[in-house]
4 protein chains.
Amino acid sequence: MVSRGRPRDMQVDERVLRIAAALMLERGYAGLSIDEVAEQAGAAKTTLYRRWPTKDHLAVAVVARLQADDEIADTGDIRADLVNYLEKIAAGLNRMRAAGHRQGPSAGTVGELVAAAARHEDIGRLTREQYAERNALALALIERARVRGELRADLDAEALFDQMAGALYYRVMITGAPVDRAYAERLVSSALEGNLTCH
Amino acid sequence: MVSRGRPRDMQVDERVLRIAAALMLERGYAGLSIDEVAEQAGAAKTTLYRRWPTKDHLAVAVVARLQADDEIADTGDIRADLVNYLEKIAAGLNRMRAAGHRQGPSAGTVGELVAAAARHEDIGRLTREQYAERNALALALIERARVRGELRADLDAEALFDQMAGALYYRVMITGAPVDRAYAERLVSSALEGNLTCH
Amino acid sequence: MVSRGRPRDMQVDERVLRIAAALMLERGYAGLSIDEVAEQAGAAKTTLYRRWPTKDHLAVAVVARLQADDEIADTGDIRADLVNYLEKIAAGLNRMRAAGHRQGPSAGTVGELVAAAARHEDIGRLTREQYAERNALALALIERARVRGELRADLDAEALFDQMAGALYYRVMITGAPVDRAYAERLVSSALEGNLTCH
Amino acid sequence: MVSRGRPRDMQVDERVLRIAAALMLERGYAGLSIDEVAEQAGAAKTTLYRRWPTKDHLAVAVVARLQADDEIADTGDIRADLVNYLEKIAAGLNRMRAAGHRQGPSAGTVGELVAAAARHEDIGRLTREQYAERNALALALIERARVRGELRADLDAEALFDQMAGALYYRVMITGAPVDRAYAERLVSSALEGNLTCH
DNA sequence: AACTAAGCGAGACGGTACGTCCCGTCTTGAT
DNA sequence: ATCAAGACGGGACGTACCGTCTCGCTTAGTT
């Protein structure tokens, strides 16, 4: 089957995403309007809808782009590796925090994306898969540390990771507390060392 | 300051919140329409707007009401107390999960509320305060356990609590994984016992 | 039947009408808001509604007050008397012209009052009666001039007056053309002298 | 300039104006609701607002349409021509009289339009232009009669026309007196023949 | 002096419509 | 088949006033 008709203009994708990102960072999710993106990008709305079936889809694409492909390093020091990884996640979240609303404490955009994922089955599936992939790397990291004896043999890796990542999201979305390297270190310490008294 | 003018009709608040809750649980955040709530409640839109200046404000009020006043028990067994408390939080989140979107895994409504808190300074401040209050109780619980020697003397109570609560929110909003008593127990175990190998 | 209860405060009437007039002249009919008048007058809305059952009624009262009680002089010179009388009417209309809309050519307020008279049977009846009274004076003036031989014996006094007064209203409401003493003189000349060629 | 984008659907204009006219004639100006017109016309409110930026604009368009394009005949008999023309104007006004308010004597709708013209600069300009155009025809008619010797050489055509047209509007809007062919004849007689005694 | 009746300021209430915003779909003619 | 342009149906939002109502207080005349 040969491709027929006029080929898609890839520059449009680029322009649209760039402008959409600018709008979203400047005015937040609500300030991201398809009409305005189209106009500013000199593109037709139909052109946008051909690529992203929904404003939500476009927004997800925009955010996906903003988030660095957090590579995960394995130095053999699980504590340092975790801190570094958490810091990368935190950096991405803090970037969201700045979106719209002149740097409020809470990252509304993250909330909007959660909502978008709930509204559209495909977005939900997609983002869950992406998170699963990403988290699998972290779980593998933990697993290797366990195998080589740094961590307890019977640990609950999933719970451990949820605890640390979750705490970041919790602060960013709910309590509005800061999320930085210092906090990442506290988290890792608390999670790894345990909190019971030593017997 | 003396009260003047016709007093507000409290039954309106009651009726409106009840109907708004029903709408929101049945059809989700987007399905909560001020016009419809007003009509069904036999109230004028202006009456709603006198109480809640925005749909977002109403939605927050509705959810605040849905969440049981999670009392926190202190039995002296920190482990059990934490599990119980987390389970209560999980129950509230699971209730949100059911809202609209035919029981999707992710709680879109929670995301919407986070977004609302970011859109409106006052909502943000309010919800952060409420969370702070609620969390203070949990922190006090932990503190008492520390004092009586159940927990390490130098623990980071805040990090500890963020970890557990955050994990719940993370699952509900991000990964879509289940959140139940079993998971609460895993969380508490992981957080309290630590994950390093014993030296 | 003796008066019972607290007597009405006449100062309220005064204050309200003054403020309503100011609002109407400044911002036009639409800018006359019962809520605002009440607030500025330090009166309750109920107090206004006790006196004027409708915004329209208040507006009519305001305008009635603005229009000077055009006395009509009979000097024996019908031409001069008519010009003077028309000029008085024109002055009243020009005052309306200034209301709201930064001195537009057309007197919107007069139109609003016509509309109000159509909306409320009582206002309509009242204003028609007032006009009838006022016009009766002019008709009597014309009649006296006819009797003493200044005007044709078989003239149609009503048509004559309608022509002159009507032309003023027509300009003020419809064409927006100016209405001043010079125009009053042209009107009287045209109406009295006739326009056919002399045979 | 090439036409681009989807062309406007002229049938919408047609349908909307028809329905709006029906509503206005049946229930008067206040009974003309954009929401209702849109619904009955099966059009979106935005579609209406794209064409008429305001309810006032729509109302003016509706009325403009109701008024027959009064052609003006020139038979050489100025008296008859004027009577015929005035009768046409009267017919249009009487049609307005019936609008809403169960056939009141006063044409509230005409008043509303005058008010609308004062509220919106563009409407005012437009209607004044339309009246100017229409009146120019009548003035030309008068002028031709003057030239051919039917009327006085030094007559004031504008004043003459204002008198006759104005009298009609005056009755319709102010005194509520009837406006029919008989009255048109009285007007023309009075205006043409003059009212002074013959010397 | 107590009672009754109306007036009054304040402000909540039901109601109606407005004009706006934005979404996602469509129709057109040109590439 | 894609594109720019832009009209369209649809749905909700938040606003503005209207005219009515309920309060508690004030100001009289009546008993």
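Residues numbered from 1 in each chain as written. Chains lettered and ligands numbered in written order. Predicted model: local features only at pLDDT ≥ 70, side-chain atom pairs only at ≥ 80, totals over all residues. Heavy atoms only, no water.

Trainee: Looking at this structure, I do not really get the relation of the copies chain D and chain C. What am I missing?
Mentor: Note on the identical chains: chain D maps onto chain C by a rotation of 179 degrees and an axial translation of 0.0 Å, with an RMSD of 0.4 Å. The superposition of one copy onto the other is thereby described by a two-fold rotation axis. (Least-squares fit on C-alpha atoms with pLDDT ≥ 70 in both.)

Trainee: Is there a simple way to explain the interface of chain D and chain C in this structure?
Mentor: Many structure descriptions define interface size as the accessible area lost when the parts assemble. The interface is formed by 48 residues belonging to chain D together with 47 residues belonging to chain C. Counting each side, the surface lost to burial between chain D and chain C is near 4,700 Å², with a carbon and sulfur contribution of 56%. At the boundary of chain D and chain C, one finds 12 salt bridges. A salt bridge links Arg-119 of chain D to Glu-112 of chain C; the nearest nitrogen and oxygen atoms lie 2.7 Å apart. Where chain D meets chain C, there are 16 residue pairs in polar contact (both at pLDDT 80 or more). Top element by residues in the side of chain D that touches chain C is helix H8 (residues 157-175) of chain D. It accounts for 15 residues. Residue composition of the side of chain D that touches chain C, grouped by class: 22 nonpolar, 14 polar and 12 charged. (Contact = heavy atoms within 4.5 Å. Buried area = accessible area lost by both parts, 1.4 Å probe. Salt bridge = Lys/Arg side-chain N within 4 Å of Asp/Glu carboxyl O. Polar contact = N/O pair within 3.5 Å; in protein donor to acceptor, adjacent residues only side chain to side chain. Helix = DSSP H or I, 4+ residues; strand = E, 2+ residues; numbered from the N terminus. Nonpolar A, V, L, I, M, F, W, Y, C, P; charged D, E, K, R; others polar.)

Trainee: Can you help me understand the protein's contact with DNA strand E in this one?
Mentor: Surrounding DNA strand E, one finds 49 residues, the nearest of these being Gly-5, Thr-47 and Arg-51 of chain B, Asp-9 of chain C together with Ile-34 of chain D. Of what DNA strand E places within 4 Å of the protein, 57% of the atoms are sugar or phosphate. Thr-47 of chain B has a polar side-chain atom sitting 2.7 Å from a phosphate oxygen of DNA strand E. Asp-35 of chain D is positioned such that a nitrogen or oxygen atom in its side chain is 3.3 Å from a phosphate oxygen of DNA strand E. Secondary structure elements with two or more residues in the surface near DNA strand E: helix H2 (34-41) and helix H3 (45-51) of chain A, helix H3 (45-51) of chain B, helix H3 (45-51) of chain C together with helix H2 (34-41) and helix H3 (45-51) of chain D. Classifying every residue of the surface near DNA strand E by side-chain character gives 12 nonpolar, 15 polar and 22 charged. (Near = heavy atom within 4 Å.)

Trainee: I'm lost on the interface of chain B and chain A in this one. Help?
Mentor: In this assembly, 48 residues from chain B lie in contact with 48 residues from chain A. Here chain B and chain A share an interface that buries about 4,600 Å² over both sides, 56% of which is from carbon and sulfur atoms. Summed over the shared surface of chain B and chain A, the result is 12 salt bridges. Between Arg-171 of chain A and Asp-162 of chain B there is a salt bridge; the shortest N-O distance is 3.0 Å. For the interface between chain B and chain A, the tally reads 16 residue pairs in polar contact (both at pLDDT 80 or more). Residue assignment for the side of chain B that touches chain A shows that the elements contributing at least two residues are helix H6 (108-119), helix H7 (121-147), helix H8 (157-175) and helix H9 (181-193) of chain B. Among the elements that make up the side of chain B that touches chain A, the one with the highest residue count is H8 of chain B (15 residues). Taken together, the residues that form the side of chain B that touches chain A break down as 22 nonpolar, 14 polar and 12 charged.

Trainee: Quick question: what am I supposed to make of the UniProt feature "DNA-binding region" (unreviewed entry) in chain A here?
Mentor: Listed under "DNA-binding region" (unreviewed entry) in the UniProt record, and renumbered for this structure, are residues 33-52 of chain A. Between the C-alpha atoms that bound residues 33-52 of chain A the distance is 13 Å, and the span itself is 75% helix and 0% strand. (UniProt positions renumbered as here; feature names shortened; annotations may be inferred.)

Trainee: Is there a simple way to think about the relation of the copies chain B and chain A in this case?
Mentor: Related by rotation about an axis and a shift along that axis, the two copies of the chain form a pair. Expressed as a screw transformation, the operator carrying chain B onto chain A has a rotation angle of 179 degrees and an axial translation of 0.0 Å, and the superposed copies differ by an RMSD of 0.5 Å. A symmetric contact is evident, with 100% of the interface residues of chain B recurring at the interface of chain A.

Trainee: Please explain the domain arrangement of chain A as it appears in this structure.
Mentor: Residue and element names in this part refer to chain A. Taken domain by domain, chain A consists of domain 1 (10-64) and domain 2 (68-193). In this structure, domain 1 and domain 2 have C-alpha centres spaced 27 Å apart. The interface is formed by 12 residues belonging to domain 1 together with 14 residues belonging to domain 2. Buried surface at the junction of domain 1 and domain 2, both sides included, amounts to about 1,100 Å², of which 69% is carbon and sulfur. Its largest share of buried area at the contact with domain 2, domain 1 owes to Tyr-29, Asp-56 and Val-60, together 43% of the area lost on that side. Among the salt bridges present, the one from Asp-56 reaches Arg-119, with a minimum N-O distance of 2.9 Å. One can count 3 residue pairs in polar contact (both at pLDDT 80 or more) joining domain 1 with domain 2. Those elements giving two or more residues to the side of domain 1 that touches domain 2 turn out to be helix H1 (10-27) and helix H4 (55-66). In terms of residue count, the dominant contributor to the side of domain 1 that touches domain 2 is H4 (5 residues). Across the side of domain 1 that touches domain 2, the residue classes tally to 6 nonpolar, 3 polar and 3 charged. (Domains from an automatic or database assignment.)

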